[in-house]
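Examination of the molecular architecture
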Amino acid sequence: MTRRSRAIYGVGVACALLLSVGIGLFIAQVFRNVIHNRLKKEITLTEGSRVFETWKNPPPPVFMQYFFFNVSNVDDFLNGAKPMVTQVGPYTYREYRPKANVTMVENGTRVSAYNPKTFVFLREKSVGDPAVDAITTVNIPAWAVMNKVKGSFWKSSMVSIWMNSIGSTLFTTRTVDELLWGYRDPLLTRLAPSYPDVEEIFGLMYKKNGTNDGEFVYHTGEQNYMDYGRVQTWRGQSQLSFWTSDQSNSINGTDGSAFHPLLSKDERLYIFTSDLCRTIFMEFEKDVVVKGIPAYRFTPPRAVLASKEENPDNEGFCVSPNECLGTGLLKVSPCRKGAPVVASFPHFYLADQKYVDAIEGLSPQREHHQTFLDLNPTTGIPVRANKRAQINILINRISGFPKTKALNDTIFPVMFLNESVVIDDASVKRLQKLLMIETVVSNFPLLIVGLGAIMLAVLVILLVRAHKQKTTAEEDTSYTPVSDKEKEEHENGTFIGLTPKADLQS
């Protein structure tokens, strides 16, 4: 075997080996499974893991924006006209939310933590000064008290007299600071001595700056990566007691700050939100890219806040059979001390059109009012998020309060919030590095196949050259007549060469 033949044979064997191994590894997804198993082990809520420190103290800045609805025709509304509102905002705050009292429990398989939030006002991102800007809106303490005493003629009459004597009306004008962080309400001050559980101070965010909403216990994800960040208990309970069915009272999913790696477009993400006192779910909407990072966008569908007729699973959220609201609304009075508070998406986005039509000045828009989560599917890390929710008050005619006699049932918008976050640049670099490693390792079999393809090309070149050289050699060694005579003799018959006699003698 010549050197050239041995080279061709060696290249052929290497080519076949590389192609078969590469294709086999690619089909079996061996390297992809290896890197994914590594991710499952590293993305856990345990000391020393890749994500534990950032989970305890998230680096991306979180911003909270508040928008208020200023009422411009209070007197007309009280006489039966459609209310007219104007959106005022945003009033923007930087939100700090490091986890506190983080403790490993249950032999390290769970982690407990508190989620305190602190808000710092950002004038440069706001439309005005919250200490100066005044908003005319629903007098929530008055409506809460009236709803509390309705059904009792004596109590209703007494509260009505108190309201008249202290000048407490159905609507109030307060500064943004007062509405958010609290003010001393005269009606509550009058009630407090007789009812110890009544707070004299009311504010939409009262006692929510620098405080937490109770202890959470989370699964670490070490035993099952699908449980990463999943809430096991809140305030020591694994089941709520606000609603009328076990399904509605269940605590499912994460708290919205962490999601398991290797997300699928087909799965439904569950999120327990203590603000709504319930679990909601999100579904895949579309692929997006945030700062060069690929992500899946998940959004809550209409079914989350659909009526019981549209989604029977929501029947458990009816406070009573007579208090089932339409699609797009959730009455959260069971976890708001009985106050007639109704939650929705901003401007009644995804709600029945009748709620939008009842208020002059609303215009629901997907771009500005949709809640969404953009999650990197490989790691489950949120790269962008917007949580948007609206606080409304249920206004209606209440027996014993003459000022309400001209009112129709109305879901009156008070304020909506937009809590937003986008991944910071330093986290982007770390995530891009991790994704690059995952891509290279997962596609390593393709590199082997590519190398095999190169060897195949080399083999083809060697075979072509060998064939050409063989053809040239055959042409060089083929028989050619040396003279015209020899040619003619060949044509006339067999030529027999005779040796001269002299040569024989010699």
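Preceding this section is the structure that the text describes.
Residues numbered from 1 in each chain as written. Predicted model: local features only at pLDDT ≥ 70, side-chain atom pairs only at ≥ 80, totals over all residues. Heavy atoms only, no water.

1. What to know about helix α5 (residues 140-149)
Counting along an α-helix, one turn takes 3.6 residues, and residues three or four places apart therefore face a common direction. Most of α5 is tucked away: eight of the 10 residues are buried. When we look at burial in α5, the residues that qualify are Ile140, Pro141, Ala142, Trp143, Val145, Met146, Asn147 and Val149. (Buried < 20%, exposed > 50% of the residue type's maximum accessible area, 1.4 Å probe, protein only. Helix = DSSP H or I, 4+ residues; strand = E, 2+ residues; numbered from the N terminus.)

2. Comments concerning helix α6 (residues 153-166)
For α6, which comprises 14 residues, the first-to-last C-alpha distance of 20 Å matches the rise-based estimate of 20 Å (1.5 Å per residue) to within 8%. Those residues of α6 that are buried lie in contact with α5 and α8 (186-191). Positioned one or two residues after α6, Gly167 has a phi angle of 75°, which is positive. (Expected span 1.5 Å × (residues − 1). Contact = heavy atoms within 4.5 Å.)

3. Quick notes on the environment of Ala134
For Ala134, the location among the structural elements is in strand β6 (residues 134-138). When sequence neighbours within four positions are dropped, the list of residues in contact with Ala134 reads Asn70, Thr173, Arg174 and Thr175.

4. Looking at the packing of aromatic side chains
Overall, the coordinates contain 22 aromatic pairs when judged by the stated rule. Considering the side-chain rings of Tyr66 and Tyr93, the 5.7 Å spacing of their centres and the 75° angle between planes classify their relative orientation as edge-to-face. Of this pair, Tyr66 sits in strand β1 (residues 62-71) while Tyr93 sits in strand β2 (residues 85-96), and the two are 27 residues apart along the sequence. In terms of burial, Tyr66 and Tyr93 fall into one category: buried. Through a chain of ring-to-ring contacts, three or more aromatic side chains come together here, namely Phe52, Trp55, Phe216, Tyr218, Trp234 and Phe272. A cation over a ring is seen here: Lys125 above Phe63, with NZ or CZ 5.3 Å from the ring centre. Above the plane of the ring of Phe317 lies Arg278, whose end atom (NZ or CZ) is 3.9 Å from the centre. (Phe/Tyr/Trp six-rings, centres within 6.5 Å; stacked < 30°, edge-to-face > 60°. Lys NZ or Arg CZ within 6 Å of the ring centre and 35° of its normal.)

5. Some words on the nonpolar core
Counting residues in hydrophobic clusters, the biggest one holds 99 residues, and the most contacted among them are Tyr66, Phe68, Trp143, Phe171 and Ile395. Discounting residues that sit within four places of it in the chain, Tyr66 has contacts with Val88, Gly89, Pro90, Tyr91, Tyr93, Phe119, Leu180, Trp181, Met205, Met415, Phe416 and Leu417. Ranked by size, the runner-up nonpolar core spans nine residues in total, among them Val288, Ala295, Val383 and Leu431. (Core = buried A, V, L, I, M, F, W, Y, C linked by side-chain atoms within 4.5 Å.)

6. Re the side chain of Arg110
Locating Arg110 in the fold gives a position in strand β4 (residues 110-114). At 3.3 Å, the side chain of Arg110 forms a polar contact with the side chain of Thr109. A polar side-chain atom of Arg110 sits 2.5 Å from a polar atom in the side chain of Gln232. Apart from residues lying up to four places away in sequence, Arg110 is in contact with Thr103, Met104, Val105, Val217, Tyr218, His219, Thr220, Gln223 and Gln232. (Polar contact = N/O pair within 3.5 Å; in protein donor to acceptor, adjacent residues only side chain to side chain.)

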